[in-house]
Amino acid sequence: MRTNDEMARLQAAVTALGDLDVSAWPEDTLKDQLGELSAALVALDTQLTRIADEVRARGLRVEEPVSA
């Protein structure tokens, strides 16, 4: 089912972002990559906002999971 594939891709993206540790980057690397990093963060924010808005438009809530 396509929805399962999309959810798997979304989870893979979450995992990839979880593995990203910008605090470990050398200062020069961060400065060199700042433009590209900023563009990626803005694009991610735009897409996450779009998806959340689509969920809310259907009368549902986007809720933070409750930790055990």
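Going by the structure above, here's the rest.
Notes on the structure in this doc start here. (Residues numbered from 1 in each chain as written. Predicted model: local features only at pLDDT ≥ 70, side-chain atom pairs only at ≥ 80, totals over all residues. Heavy atoms only, no water.)

1. Side note on the overall build of the protein chain
Then, number 1: When helices and strands are counted, the protein chain shows two helices and zero strands.
Then, number 2: By the compact-globule yardstick of 11 Å for 68 residues, the protein chain is too spread out, its C-alpha radius of gyration being 16 Å.
Then, number 3: Counting only C-alpha atoms, the protein chain reaches 45 × 30 × 25 Å along its principal axes.
Then, number 4: The 68 residues of the protein chain split such that 3% are buried. (Helix = DSSP H or I, 4+ residues; strand = E, 2+ residues; numbered from the N terminus. Rg over C-alpha atoms; globule rule 2.2 N^0.38 Å. Buried < 20%, exposed > 50% of the residue type's maximum accessible area, 1.4 Å probe, protein only.)

2. Comments concerning the layout of surface pockets
Then, number 1: Volume-wise, the largest pocket comes out at about 570 Å³.
Then, number 2: M7, L10, V14, L48 and I51 are, among the 17 residues lining the largest pocket, the residues nearest its centre.
Then, number 3: Listed by contribution, the elements that provide at least two residues to the lining of the largest pocket are α1 (2-18) and α2 (27-57).
Then, number 4: By residue number, the principal contributor to the lining of the largest pocket is α1, which donates nine residues. (1 Å grid on protein atoms, 1.4 Å probe; cavity = no way out; pocket = protein on both sides within 12 Å on 5 of 7 lines; lining within 4 Å. Points joined across faces, edges and corners; volume = space filled by probe spheres on them.)

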